[in-house]
Each structure stands twice: as structure tokens, then as C-alpha cells.
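# Results of the structural survey
Given next are the chains, with one letter for each unit.
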Amino acid sequence: MIKLKQISKSFGSFKALDKVSFSLRQGVITAFLGVNGAGKTTTMRIINGILDADSGQVKVDSYDPHKQPLKVRQIVGYLPENNPLYTNLEVVEYLALVAKLHHVSDFPAGQKALFAKMGIDKVWQRHIDELSKGYRQRVGLTAALIHRPKVLILDEPLSGLDPVQKGEIIGLLKQIGKKTTVLFSTHVLAEVKDLCDDVIIINKGKIVYQDHLDSRKGQYLKLLVKFAGTKSKINGLIKAKPQIKLVSLASLKPGLWQADFQILGSKKQQDSLLRFLSAGLADSGIILEFRPESESLSDLFYRLTKNEV
Amino acid sequence: MKFKRPNPTIGGLIYKDLKLMLLNASGWLTIAVFNLVVVWLFSQNFFLVGQSELTPLFSLVKWGFIILASALSMRAFADERAKQTIELLLSWPVSPWQIVMSKFIAGLTVYFSLVLSLLPVMVLVSFLGPVDAGQVVSFIIGSLALFSLYYAYSLFVSLYFKNIVASFLFSLFSLFVWYLSGTAFVSDRLPVQLSTLLASVSIDSYYQTFLIGVPSLAAVVFFTSFVFLFLRLSVIRLIKKDQVL
């Protein structure tokens, strides 16, 4: 549904995105994690055609946001960071405007269920500037959902909501996420566990991690290896055993690598694969660390972004 | 829950801007103050001259429109940038032309409201003596052209600012200088070559043709070209999304 290939973007001398590539599938909710300034918002803006990439390719349901921005915006629901709204309008006026611009013909009757779930019906004719932060967030989310988008891009959608509201909205997003591609940025890792299927971590404009969230719940064995040797050796071992998946590979210094692996298969198979990997690596280099582990999402996030936290 | 269907489309964007510029207490107050000031200044000389003449009224609005266009336009883009709603606008399936035109049309709606608010004065003057209907039409078209030029320019200026006060002041000052540079007051003090050059882009000389009731084709082309130019420049600026977010 969404494909980014080698996307780069600079603002003056600051490189916001550096060859970012990932793809998002339909019916999957993906958490997009990163510290402030990591490149989350820039990526989301590029997907929606609000910004243009300097290089690389983006496809949203076969449309190019740079060349066909209006087509893309027609199928994307977007909630910007900080949830800007036209606060001088009434809730109904604002939602009617968004519905009309997206050619929603059955507004407002067709969205009654959405309004009720969001609790918007209670503030229907109030000016937005009279609403609490929580209700404003609901209005912003409702506006992003009003045209039943195929793709939903949400920049910090749950900020400002109390725990009850968060629970309700997470429930709604889970339901919507069954058919819709959802990219969801947040700082709160607990929200990710509750809501998301996949996770992408971006740091300093580079994707440093992309995986299924289920793998973090213990279905796969994780393995951290620090290895002095050649990259080609690691690649050779992975090619030989498809059950060993390289999740990330970072160069700590010349000739020194840190690799994250997923080891698939039964316990017995995993043990066998660990032995294969350790023997293969020891054969052509020095293993400095070899740690099978079940690392939590927060541990992973802090490790991958530790220079920024 | 009682649902009502408020306003139709293109109009959606125009209505949004009108709610900000006109359809609120400060909007009506602005119109009222503008009206009162212009009428008060007009009445100062009207009874002294003793003629049912509307030229001074439309001569006065050329200055008032500079303030009004600058004030209205600062809410158009500078305010959207300050409040980050520009990101919402750019995320909706509307083209930069539609965005710019909706704001321009909203501005023109304010102009027509002002002309309507001056209608009682025009009717009153016509009761006091004969008024040339053709000339009144020329005045109205001329003032529309003048306001359109000011407003299109101010819209373009407001795309360069995130601070509404800075946008207002820059627009006000630059429009004032532009208008003044084409008047005899300035051109008489300048070298001939420069004053000739300034005369070619003088708002004053072209607006005067409307005030005397015989607008020239050159005046129509002048205003139309500059309005289109500034609207087009606004669209180009809006397309460079990095610079307006």
C-alpha cells in the first residue's frame, strides 16, 4: 500500500532523511518510533505529499505523492503533529468542510457511528476553541477518518487524551486498522504494544529497525552479536540458513560489527542455528559478544537511539 | 443529536476564511469603523463644496484599502503559518490555485460588503443632486480593481511571514510606498528617467482614470496583470512547501 524507496530529504545543510526505505501493508498498523527530530514528521509529510523528497521514490496505493498529490490526499487521512485546527469554526462546520473537500456525499448521516464513537456528537455545535485538548484531539482524528481513507497517517494521535479516552480510541483504531494501512507515530511505547502490528524505528533520518511486533513478544529468538571480521562473512552465513534473519547491522568502527538477528524455528532448531552461527563467525573472526535475548521494545528503542536520549 | 448541513463546497474554503475575516464581531467592527472614518472624512468637504459629487469618497478609499487589505491578508496566510493550519490546508485534496483563489474571493467578499455599506451614502448624495450613474459604476469597478491589486499583493506578502503583525506592517508600508511613488508629489522630486519608469507602474495614475469616469484599456490591463501576477506568485510560493510550513 505504501512503499518508500531510498527517500532522502534535506533542509539546508541538515539531512532530515537519509535513504529511507520501507513498505507498509494494507490492514496493518505500524508504529513509527523515533526521538524528536529523528525524521518521523518529515517522512509522514512526504508520504502525504505535503513535502517533496529530494530523491527516492514514494508510492501510495500506486500514486506518486509528488506527481499526483491530490489523488494521494484523497485516500489518505492525516492527523498532523500538535493537531492544528481552525478554532474559530464550530465542530460541525469544520467537519463539513473536511467532508466536502474529500467529496464525502453522505455527510453527516453516514458518519453518525464515527461521531458517536468519538464523542463528537456531544460537542457538535460548539466552537473548537471552546473545547478541551482531549476533545480537540477527537475532532482532529474524526476529520482524518471522515472520508474512510485507505491510508491513515497519525502523528502523535493519542496525546492529550486521558486513559479512558485512549482506550476508546485505541479500540476504534484497531477496528479501522483491520482494513486500513495505518502509520502511527508516538513516544509512548505502551501505546505501541496495545495497538500496533509492526514497528519501525528511525534515528537521525535513517531507519534503524523494522519488524513485526509479534516477534518482540517471544515468538522468535533474538540474538545480539558483536563481531570483529568482515560484513561478507555475516551475509554468507545468512544466505546459507534462511531461518536466520538479519534485522539490523551496524558498524561500530572499521571491522567491528553489531548485528541483530532473528532466529526462527523450534527451540531445537534455534539451538542448532545458534551453534551454526557461532561456529561460522568464530571461523573467520572474533566474537566479542554473543547474546541470545528477549529484548523488550523499550530496550531496543533506547539502544538504537541512545545517542539521542 | 441534531445534525445540520452547513455550507457547500468551494464555498467551504471561502466560508472558512470569511468566518475569520468578516463573520465575527471584529470583522463587523472593522467594516463599521472603516465606513465611519471614510464617511466622516468625506463629509468634511462634501458640504463645503456644495456639489453632489462622489469622487472624493472613492478617492479616500484608496488609502483606506491599503490598511484594510494589509489587515485582512495577514490573517490569510501568516496566521495559517503561525497556527500551523497551513499543514492542514496542504494535506487536503485541494490545489494551490484553489487555496489562493478561495482566500482571494473571501477578500473580495469583504470588499463588496464594504461597498454595500457605503451604498446609503451614495443614495443620500443622489437625493441631494444629480449623480452620474456611469461615473458611479466606474468608481465601483475602479475601487474593485484597486482593492484586488492591494489584496493580491498582500496575500503574496503574507506567505513570507509567520508573524501577523510583521506581515501587516510590511504590506502596509510597501503598498504605501508603491502608491506614493507614482504620485506627482514624489515624481516631481525625482530624475525624469526614474519618474518615467515609476509612472509606468503607478497605481495612482491608472486609478485616476476610473475616478474621472473614463477608465482606459491600459488601466484595466494594468490592474488585471498585476492581480494575476501576485496570485500566480502566491501559488508558486505555496508550491514550494518547505518554505511555507
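In short, a report on the structure. (Residues numbered from 1 in each chain as written. Chains lettered and ligands numbered in written order. Predicted model: local features only at pLDDT ≥ 70, side-chain atom pairs only at ≥ 80, totals over all residues. Heavy atoms only, no water.)

### Brief notes about the sheet that holds strand E7 (residues 181-185) of chain A
Residues and elements named next belong to chain A.
- Taken in spatial order, the six strands make up an open sheet running E5-E6-E7-E3-E8-E9, and their pairing is mixed. In this open sheet, the two strands that pair with only one neighbour each are strand E5 (76-79) and strand E9 (206-212). Each strand axis lies, on average, 15 degrees off the axis of its neighbour in the sheet, ignoring direction.
- Two strands pair when backbone bridges link them, and strand E3 (residues 29-33) and strand E8 (residues 198-203) are joined in this way by four bridges, in the parallel orientation. What sits directly across from Leu 33, in E8, is Ile 201.
- Of the strands in this sheet, E3, strand E6 (151-155) and E7 are in contact with helix H6 (residues 163-176), which crosses E6 at around 150 degrees. (Pairing = 2+ DSSP bridges. Helix = DSSP H or I, 4+ residues; strand = E, 2+ residues; numbered from the N terminus. Axes fitted to C-alpha atoms, helices over the stretch in contact; angles between N-to-C directions. Contact = heavy atoms within 4.5 Å.)

### A short note on the interface of chain B and chain A
- Contact residues are listed per partner, giving 30 residues for chain B and 38 residues for chain A.
- For the pair chain B and chain A, the summed buried surface comes to about 3,300 Å²; carbon and sulfur atoms form 62% of the total.
- Inspection of the region where chain B meets chain A yields four salt bridges.
- Ionic pairing is found between Glu 87 of chain B and Arg 45 of chain A, a salt bridge with its closest N-O pair at 2.9 Å.
- Joining chain B to chain A, the criterion identifies 10 residue pairs in polar contact (both at pLDDT 80 or more).
- When residues of the side of chain B that touches chain A are traced back to their parent elements, those giving at least two are helix H1 (10-21), helix H4 (85-91) and helix H12 (241-244) of chain B. (Buried area = accessible area lost by both parts, 1.4 Å probe. Salt bridge = Lys/Arg side-chain N within 4 Å of Asp/Glu carboxyl O. Polar contact = N/O pair within 3.5 Å; in protein donor to acceptor, adjacent residues only side chain to side chain.)

### Some thoughts on the pairing of strand E12 (residues 256-263) of chain A
Residues and elements named next belong to chain A.
- Of all eight residues that make up E12, eight are buried, and the element is covered over most of its length.
- Burial of E12 is two-sided: the residues Leu 256, Gln 258, Asp 260 and Gln 262 facing one way and the residues Trp 257, Ala 259, Phe 261 and Ile 263 facing the other way are all buried.
- Bridge count between strand E11 (residues 244-253) and E12: eight bridges; the pairing is antiparallel. Each residue of the ladder has a partner; that of Lys 253, found in E12, is Leu 256.
- As consecutive antiparallel partners, E11 and E12 are separated by two residues, and within that stretch Gly 255 has a phi angle of approximately 85 degrees, a positive value. (Buried < 20%, exposed > 50% of the residue type's maximum accessible area, 1.4 Å probe, protein only.)

### Notes on helix H5 (residues 133-145) of chain A
Residue and element names in this part refer to chain A.
- The end-to-end C-alpha separation of H5 is 18 Å, in line with the 18 Å expected for 13 residues at 1.5 Å each.
- Within H5, 11 of the 13 residues are buried, leaving the element largely enclosed by the surrounding structure.
- Those residues of H5 not exposed but buried are Gly 134, Tyr 135, Gln 137, Arg 138, Val 139, Gly 140, Leu 141, Thr 142, Ala 143, Ala 144 and Leu 145.
- Those residues of H5 that are buried are in contact with E5, helix H3 (91-101), helix H4 (112-118), E6 and H6. (Expected span 1.5 Å × (residues − 1).)

### What about a nonpolar patch on the surface?
- Taken together, the side chains of Leu 29, Val 33, Val 37, Trp 40 and Leu 41 of chain B make up a nonpolar region of the molecular surface, amounting to roughly 480 Å² of accessible area.
- As for its position among the elements, Leu 29 of chain B is in helix H2 (residues 25-49). (Patch = residues over 30% accessible without salt bridge, like charges linked within 9 Å, V, L, I, M, F, W, Y side chains within 5 Å. Areas by Shrake-Rupley, 256 points an atom, 1.4 Å probe, with all protein chains shown as cover.)

### As for the sheet that holds strand E1 (residues 2-11) of chain A
Residue and element names in this part refer to chain A.
- Strand order in the open sheet formed by three strands is E2-E1-E4, and the pairing between neighbours is antiparallel. Of all strands in the sheet, those with a lone pairing partner are strand E2 (14-24) and strand E4 (55-60), marking the two edges. With direction set aside, neighbouring strand axes in the sheet form an average angle of 25 degrees.
- Bridge analysis of E1 against E4 gives five bridges, and the strand direction is antiparallel. In the sheet register, Lys 5 faces E4, and the bridge partner there is Gln 57.
- Contacts from helix H1 (residues 40-47) reach E1, E2 and E4 within the one sheet, and its direction differs from that of E1 by about 120 degrees.

### Things to note about the packing of helix H3 (residues 55-82) of chain B against helix H6 (residues 133-158) of chain B
Residues and elements named next belong to chain B.
- It is the contact of H3 with H6, at a shortest axis distance of 8 Å, that shows an interaxial angle of 30 degrees. One element, H3, and the other, H6, form an angle in the roughly parallel class. The hand of the H3/H6 crossing is right-handed. (Parallel < 35°, antiparallel > 145°, perpendicular 65-115°, else oblique. Left-handed = near helix turned anticlockwise from the far one by under 90°.)

Nothing here speaks to function; it is geometry throughout.
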